[in-house]
Amino acid sequence: MPSHLKKTTSRQKRHSLPSRYRSKKSNSSWSGDQLIYFGLEDVENKLRDIANTIKRTTFEAYTRIGGRTLEELLGGPNIPEQEASQFNIEELKVVLARLGKSGGSAENRITDLIESGKISEKQHGYLRSFLTQLLEVYATGKEQEKAIEDFVSIINSYWENDFDEKSFVFNKENVSTRVENRFTGTTLPLNALSSGEKQIVSIFARLYLNNDKRFIVLIDEPELSLSMDWQQRFLRDILLSPSCDQLIAITHSPFVFDNELDRFAGPLKITNRQQS
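Residues numbered from 1 in each chain as written. Predicted model: local features only at pLDDT ≥ 70, side-chain atom pairs only at ≥ 80, totals over all residues. Heavy atoms only, no water.

Some thoughts on the environment of Lys213
Its location among the elements puts Lys213 in the loop between α6 (195-208) and β4 (215-220). Linking Lys213 and Asp245, residues 32 residues apart in sequence, is a C-alpha distance of 9.9 Å. (Helix = DSSP H or I, 4+ residues; strand = E, 2+ residues; numbered from the N terminus.)

Concerning the sheet that holds strand β3 (residues 187-188)
Read across the sheet, three strands follow the order β1-β2-β3 without closing on themselves; strand pairing throughout is antiparallel. Only two strands of the sheet have a single neighbouring strand rather than two, namely β1 (166-171) and β3. With two bridges joining them, strand β2 (residues 176-181) and β3 adopt antiparallel strand pairing. From the neighbouring strand, Val179 faces β3, where its bridge partner is Leu188. (Pairing = 2+ DSSP bridges.)

Points about the packing of helix α5 (residues 142-158) against helix α7 (residues 228-240)
To characterise two packed helices, one gives the angle between the axes of the helices and the distance between these axes. Put simply, α5 and α7 touch, their axes get as near as 11 Å, and they point 160 degrees apart. Here α5 is positioned roughly antiparallel relative to α7, judged by the angle of their axes. As for the relative orientation of α5 and α7, their crossing is right-handed in sense. Between α5 and α7, the residues in contact are Ile154, Ser157 and Tyr158 and Trp230, Arg233, Phe234 and Asp237, respectively. Tallied by class, residues from the contact of α5 with α7 come to four nonpolar, one polar and two charged. (Axes fitted to C-alpha atoms, helices over the stretch in contact; angles between N-to-C directions. Parallel < 35°, antiparallel > 145°, perpendicular 65-115°, else oblique. Left-handed = near helix turned anticlockwise from the far one by under 90°. Contact = heavy atoms within 4.5 Å. Nonpolar A, V, L, I, M, F, W, Y, C, P; charged D, E, K, R; others polar.)

Side note on the nonpolar core
Judged by nonpolar contacts, the single largest core of 44 residues is most densely connected at Phe151, Phe204, Phe234, Leu235 and Ile238. Only α1 (41-75), α5, β1, α6, β4, α7 and β5 (244-250) provide two or more residues apiece to this core. Excluding residues that lie within four positions of it along the chain, Phe204 makes contacts with Phe151, Ile154, Ile155, Tyr158, Leu209, Phe234, Asp237 and Ile238. With 19 residues, the next largest nonpolar core counts Ala61, Ile65, Phe87 and Val94 among its residues. (Core = buried A, V, L, I, M, F, W, Y, C linked by side-chain atoms within 4.5 Å. Buried < 20%, exposed > 50% of the residue type's maximum accessible area, 1.4 Å probe, protein only.)

Overview of the packing of aromatic side chains
Under the counting rule described, the total for this entry stands at six aromatic pairs. Measuring from centroid to centroid gives 5.2 Å for Tyr158 and Trp230, while their planes differ by 90 degrees, and the two rings are edge-to-face. Of this pair, Tyr158 sits in helix α5 while Trp230 sits in helix α7, and the two are 72 residues apart along the sequence. Both residues of the pair, Tyr158 and Trp230, belong to the buried class. On the basis of an interplanar angle of 65 degrees and a centroid distance of 6.1 Å, the ring pair of Phe204 and Tyr208 is categorised as edge-to-face. Of the two residues, Phe204 and Tyr208 are both situated in helix α6; the distance of four residues between them amounts to about one turn of the helix. Feature note: the residues Tyr158, Phe204, Tyr208, Trp230 and Phe234 constitute an aromatic cluster, connected by ring pairs. (Phe/Tyr/Trp six-rings, centres within 6.5 Å; stacked < 30°, edge-to-face > 60°.)

See the structure below:
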């Protein structure tokens, strides 16, 4: 058992801990300690904030690139040589799409130059410099982008059953996320999810989209609204998330610890102390 899985757990419900499964929205921000509610407005706002930050950073950096390119043109052809293999075509396509240059002749010509290796020729020095700067811009937002990708991936892992029609989709080009019906392609609002689905989306959004924070997670009856399969993996997935430092769970379900966490679980004895 890895050391980061050695967390405190308990099988017996402690009545002094409030349940977080309340069907109302939280008015709290993401910055403080709080209960997690079924309301998903905070999740939507967080995803939107990250997307807006990435877009704003891209356009601000693109403006700076214009100034740097002009300086290079005025200063002469002092452009370092670069191999075609240094350019990631897929990442370039994402950046070009965010700048509104997706799918056009410019993208096709750039792709051809890189794939043919001609991008390394002397006459393409300024283009190499420009593309390098674009990739530097993309790199600045990769950490936030990866946070969204990891969040989407963990949610989709709960929906990977062939009979489940839902899928969380992250479009890198326009930095948008949505839940869609895999068979019809229609968008599903988060509030249309089941109670169990809302539960995993709410919790994992907080744990995956806040990499700059660390959490001690306390859960009362994590089995509520979850199938047996989901119960069996839920706590383990929380522990493996990037922001969870410690987990304390109180449950009546034997399935929650029917995994490698079983040896860390134990009964909680409650005694009543008489007031003097």
